[in-house]
Amino acid sequence: MTTRREFLKQSSVIAAGTLLAPKVFSMNLISKPSVIILGAGLSGLAAAMKLKDNGYEVTILEARKRIGGRVFSHKITDEPVPEDNLVIELGAEWIGGSHERIIALCDQFGLVTENNRFKDRLIYKGEFFKPGEWDYSPEWKVKFEKILSDYKYLTDADKVRLDKMDWWRFLMNHDIPDRDLDIREYADSTDFGESIRFVSAYSALAEYAESNEYNEMDFKVKGGNSLIADAMADKVGRDIILTDHKVTDINSSGKISVKCSNGKNFTADMLICTVPTFAMSKINWSPGLPPEKIEAINALQYSRIIKSATLFRERFWKDEEFSILTDSYTHYFYHATKNQKSPKGVLITYAVGDKADILSQMGEEHRIKIITDTLKSAVGDVSGYVEKNINYFWGDDEYSKGAYALYGKGQWFGIMPVLRESFGNVHFAGEHVADWQGFMEGAINSGEDAADKIMS
Ligand SMILES: Cc1cc2nc3c(=O)[nH]c(=O)nc-3n(C[C@H](O)[C@H](O)[C@H](O)COP(=O)(O)OP(=O)(O)OC[C@H]3O[C@@H](n4cnc5c(N)ncnc54)[C@H](O)[C@@H]3O)c2cc1C
């Protein structure tokens, strides 16, 4: 069986062809080339770490006033003793058990990873089900197990064919019963950030067949996932990371020259661009990016996810592993302060797609009412426990306009190879071009792959 990582490497031929690059400047460099990296998310930091370790001169330009990008831990309380504060994740939450590089980095930096698994309840058609009281139907469970185990027999041509249909259609073609389909829609759209009607069947099947039994929702860093970005930044040296430097122009016709919106200019021999495709489309590229790349950028959507974090005075849910999958706007609840000692606690409402859009547009009072009304059937009226609520809607994020890339029908093999393709001395990285796409692991892998291209 070829994994997604192996297959994507082989399958660049399926893409529109190798991108025509501007003339690459002389590679007969005596010293190692200098490198500018766009973005201090995990992919940019991973690329920088590898290059710095190998003696390259690196500068990271980051548009935001902070590092970490879509890894974004937040202190939701303001306690007199700083260590007593509760930390939640507004971006990436779970480290997967199969995610080897990020786990290795946590080990390298002495970061503690804690169990962050949950036991899902279900609210469906007005009824509440505790763990053990709901499941997929026995017939569907048998069928789905077989689908997952048969994945290893798929040929490369089968995978390309599968990519041309959506996950909803694939499940329908396998005669999934209605209730099972509804539950898969709620669960799987939580993973992809949009309805499964918009997700490539290949991208979904590969993720489920290659993931562990917890679907990579395994761990979290004690103290917040942002500590990973902090440790990586300390390792490369904070002095080479320039925050509040939004790149507006890139000229790669000879030596690379880069302009920032604050008026600062930089030059280097090579560039690694790790920014999401929306941010890429806002940069003036000279010479312009090849038409296939522009088409791919225009074709790729990002999922809409809102995280609404409600701080409650008491942990009325009792079970530290509390989570609920719902068929309402609120979509998915989980206990976001598991392992953190306090009488207070946070439930995060994680909504996707149109539900996220609708929740994001509501006034705060209305949003909190929707949240507590949904919780009513599970835990009774808890509106009196609400201390505060904060929200981050990734669909409005200035740089990504979404949480992570959403590969739709035909796009995994159609456009990902094009987005990955280097353009002269410019290499591309970021979760959107990774085999572990949509994960921190993918961001790190892609950054390290881009560094390898420079070092090869
Ligand atoms: C709500 C949500 C939930 C998630 N859940 C999980 C999860 O549970 N597990 C998991 O593994 N992953 C999860 N992810 C995905 C994970 O966060 C990403 O895959 C990963 O952090 C992406 O890293 P990156 O370096 O590719 O991109 P980013 O983190 O976006 O880094 C790119 C950087 O480029 C900067 N930038 C943009 N434009 C410019 C410019 N013009 N000039 C300079 N800098 C620029 C941005 O500010 C950003 O800091 C989640 C993401 C979100 C949003």
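The structure this text deals with has already been given above.
As the structure is a prediction and not an experimental result, all values here were calculated from the model.

A. Region of the structure containing the pattern of salt bridges. In this structure the tally under the stated criterion is 29 salt bridges. When the shortest N-O distance is used, the salt bridge between K344 and E79 registers 3.8 Å. Linking K344 in the loop between strand 18 (332-335) and strand 19 (345-352) with E79 in the loop between strand 3 (73-75) and strand 4 (87-89), this pair joins segments that are 265 residues apart in sequence. Of the charged contacts in the structure, one is a salt bridge between R315 and E320, with a shortest N-O distance of 3.1 Å. Given a relative accessible area of 13%, R315 falls into the buried group. A cluster of three or more residues bridged by salt bridges with shared partners is formed by E194, R304, D354 and D357.

B. Region of the structure containing the nonpolar core. Among the nonpolar cores identified, the biggest contains 86 residues, and L38, W167, L171, L271 and W285 are the most heavily contacted of them. Take this core: its biggest share by element is six residues, from helix 8 (residues 201-210). Discounting residues that sit within four places of it in the chain, L38 has contacts with L61, V247, I250, L271, I272, C273, T274, V275 and I283.

C. Expanded view of the site of the ligand. Around the ligand, a shell composed of 36 residues is seen, among which S43, E62, R70, W94 and M440 lie nearest. At a separation of 2.9 Å, a nitrogen atom of the ligand approaches a polar backbone atom of V247. Contributions of two or more residues to the shell around the ligand are made by helix 2 (42-53) and helix 16 (440-455). Residue composition of the shell around the ligand, grouped by class: 20 nonpolar, 10 polar and six charged.

D. Focus on the packing of aromatic side chains. For the coordinates displayed, the defined rule picks out 23 aromatic pairs. Plain terms: the ring middles of F312 and F316 are 4.9 Å apart, the flat faces sit at 85° to each other, and that makes the pair edge-to-face. The burial state of F312 is the same as that of F316; both residues are buried. Through a chain of ring-to-ring contacts, the aromatic side chains of W140, F144, W167, F170, F192 and Y208 assemble into a single cluster. Over the ring of F72 we find R66; its NZ or CZ atom is 3.7 Å from the centre of that ring. A cation over a ring is seen here: R117 above Y214, with NZ or CZ 3.9 Å from the ring centre.

E. Fine view of the pairing of strand 18. Of the two faces of strand 18, both are covered, the one formed by Y332 and Y334 as well as the one formed by F333 and H335. Of the pairings in the sheet, the one linking strand 17 (residues 322-326) to strand 18 comprises three bridges and is antiparallel in character. Paired with L325 across the two strands is Y332, which belongs to strand 18. Following strand 17, the chain reverses through five residues before pairing antiparallel with strand 18; H331 in that reversal takes a positive phi of roughly 65°. For strand 18 and strand 19, the ladder comprises four bridges, and the chain directions are antiparallel. Within strand 19, the position partnered with H335 by the bridge is L347.

F. Spatial organisation of unusual backbone geometry. Between S286 and P287 the backbone carries a cis peptide bond, its omega angle lying at -5°. With respect to the element layout, P287 can be found in the loop between strand 14 (284-286) and helix 11 (291-299). In this structure, D175 takes a positive phi of about 55° despite not being glycine. As for its placement among the helices and strands, D175 is situated in the loop between helix 6 (167-173) and helix 7 (178-192). Take D175: its relative accessible area is 58%, and that puts it in the exposed class.

Criteria and cut-off values
Residues numbered from 1 in each chain as written. Predicted model: local features only at pLDDT ≥ 70, side-chain atom pairs only at ≥ 80, totals over all residues. Heavy atoms only, no water. Salt bridge = Lys/Arg side-chain N within 4 Å of Asp/Glu carboxyl O. Helix = DSSP H or I, 4+ residues; strand = E, 2+ residues; numbered from the N terminus. Buried < 20%, exposed > 50% of the residue type's maximum accessible area, 1.4 Å probe, protein only. Core = buried A, V, L, I, M, F, W, Y, C linked by side-chain atoms within 4.5 Å. Contact = heavy atoms within 4.5 Å. Near = heavy atom within 4 Å. Polar contact = N/O pair within 3.5 Å; in protein donor to acceptor, adjacent residues only side chain to side chain. Nonpolar A, V, L, I, M, F, W, Y, C, P; charged D, E, K, R; others polar. Phe/Tyr/Trp six-rings, centres within 6.5 Å; stacked < 30°, edge-to-face > 60°. Lys NZ or Arg CZ within 6 Å of the ring centre and 35° of its normal. Pairing = 2+ DSSP bridges.

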